[in-house]
Amino acid sequence: MISTGQKIAITRVERSRLKETDLDNVVFGRVFSDHMFVMDYQNGQWQQPTIVPYAKMQMSPASLVLHYCQTIFEGLKAYRTSTGGAALFRPQMNIERMNRSAERMCMPQIPEDVFMDGLKALVELDSDWIPGGDEGALYIRPLLYASDEYIGVRPSEGYRLLIFTCPVRGYYKEEVRVKIETEYSRAFPGGTGEAKCGGNYAASLYPAKLAADEGYHQLLWTDGETHQYFEESGTMNVFFRIDDTLITPETSGTILHGVTRDSIIRIAEHEKIPCEVRRVSVREVVDALKEGRLKAAFGAGTAATIAHIRSIAYEGVNYDLPPVDQRNLSNRIGKMLDEIRRGRIADPFGWMVPVK
Ligand SMILES: *Cc1c(COP(=O)(O)O)cnc(C)c1O
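This report concerns the structure included in the present document. (Residues numbered from 1 in each chain as written. Predicted model: local features only at pLDDT ≥ 70, side-chain atom pairs only at ≥ 80, totals over all residues. Heavy atoms only, no water.)

**Some remarks on the environment of Tyr216**
To be explicit about the condition: Comment: elements are numbered from the N terminus, with helices defined as DSSP H or I runs of at least four residues and strands as E runs of at least two. A contact between two residues is defined here by any heavy atoms of the two lying within 4.5 Å.
Within the element layout of this structure, Tyr216 appears in the loop between helix 4 (198-213) and strand 11 (218-222). Once the C-alpha coordinates of Tyr216 and Arg241 are considered, the two residues, 25 residues apart in sequence, prove to be 21 Å apart. Those residues in contact with Tyr216 that lie beyond four places of it in its chain are Arg177, Val178, Lys179, Ala211, Ala313 and Asn318.

**So, the packing of helix 5 (residues 259-270) against helix 7 (residues 328-341)**
Put simply, the rule reads: Every axis in this analysis is a line fitted to C-alpha atoms, fitted for helices over the stretch in contact. Angles between the N-to-C directions lie between 0 and 180 degrees. Throughout, the term roughly parallel applies to angles under 35 degrees, roughly antiparallel to angles over 145, roughly perpendicular to angles from 65 to 115, and oblique to all others. Following the grouping adopted for this structure description, the nonpolar residues are Ala, Val, Leu, Ile, Met, Phe, Trp, Tyr, Cys and Pro, the charged ones are Asp, Glu, Lys and Arg, and the polar ones are all others, Gly among them.
It is at 10 Å that the axes of helix 5 and helix 7 come closest, and there the two elements cross at 105 degrees. Classified by the interaxial angle, the pair formed by helix 5 and helix 7 is roughly perpendicular. Residues Thr260, Ser263, Ile264, Ile267 and His270 of helix 5 pack against Ile333, Met336, Leu337 and Arg341 of helix 7. Per-class residue counts for the contact of helix 5 with helix 7 are five nonpolar, three polar and one charged.

**Overview of a nonpolar patch on the surface**
Selection rule: The patches reported here contain residues having more than 30% relative accessible area and no salt bridge. Joining distances are 9 Å for like charges and 5 Å for nonpolar side chains (Val, Leu, Ile, Met, Phe, Trp, Tyr). Here the Shrake-Rupley method, with its probe set to 1.4 Å, supplies the accessible areas, and only the displayed protein chains count as covering residues. Just to be clear on terms, a salt bridge is a Lys or Arg side-chain nitrogen sitting within 4 Å of an Asp or Glu carboxyl oxygen. Summary of the burial criterion: residues with accessible area below 20% of their type's maximum are buried, those above 50% are exposed, and those between are partly exposed, where the area comes from a 1.4 Å probe applied to protein chains only.
Residues Tyr68, Ile151 and Val153 make up a contiguous nonpolar surface patch of about 310 Å² in total accessible area. Summarising the element assignment, Tyr68 is placed in helix 1 (residues 64-68). The partly exposed category is assigned to Tyr68, whose relative accessible area is 33%.

**Comments concerning the environment of Glu183**
Among the structural elements, Glu183 can be located in the loop between strand 10 (176-180) and helix 4. A residue is classified by how much of its surface remains accessible, and Glu183, at 60% relative accessible area, is exposed. Linking Glu183 and Gln45, residues 138 residues apart in sequence, is a C-alpha distance of 44 Å.

Structural data, given as structure tokens:
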């Protein structure tokens, strides 16, 4: 573990914007809490960690990140607990994943202790921004980017780590209609599919737009070489339930290691629900669809937790899945995950990390 042991310098807002914010009606990703964490990397070293009022920043047109996309991010959530405090869901997983992404993108490792302290201090300071109710949470966005003012393809020397937060409510309200993508690819062996880096998302916009034009909410990505095996769905990992078994593609370098995915696998083990982590072929799922053995399919990610898939299209044919109220297995897992996060049931895994 890399550590700097540095204390965070905190500058609070003079006046909170909370009073003029309608937390009951926030749109995902559009409302930002009062403060942000900022820490720069210069001259081969991390500088003083700070928390300052959330504000716009100045940037040079020659900022390296704007041209060559040397940037990575994370996404995690803090929840209000039943005792009124706030807790982070498995933050260590995000810290480690961010450092793996940093390695792949030639960026400096972030000291784990400063990162964790920053997350906790920020959420504690803005904990009043966590909306109440069953779906409220504080979405936390860590971001690391190349800050050099330089035109040329090489790793930056300077970087900025930001962490800011958004009060959020539910994400996908409706079930999603997806299409199996067999032409475009999100990732390929030796590429950056496993890193949460900005370029991956830019590259996925066009195929997603083509699918949206045909009326689909999202793509089911297949492998870049043969398009015969499933990888993920949009920005979520994907699970299928065939008969009574949950199946999710193995992570083999092209799939993001989702924290939600891992949590679902762990819950399935705990609940003795058969769950297989392996290659899943398009053929297997399409056959199961035709035979009525595909009982459920869903995307899994921090933003939506579980996004039920309503229909899957393959080679121009649309296959419907059973109604969501019949999907007892995925509903049960989703509910359990949610109740652990909100401190309503025991947390047998030790996943929740209080911010104080
Ligand atoms: C972030 C992300 C996920 C989900 O990861 P979680 O840790 O569960 O939020 C899955 N796939 C992609 C491509 C992602 O960017």
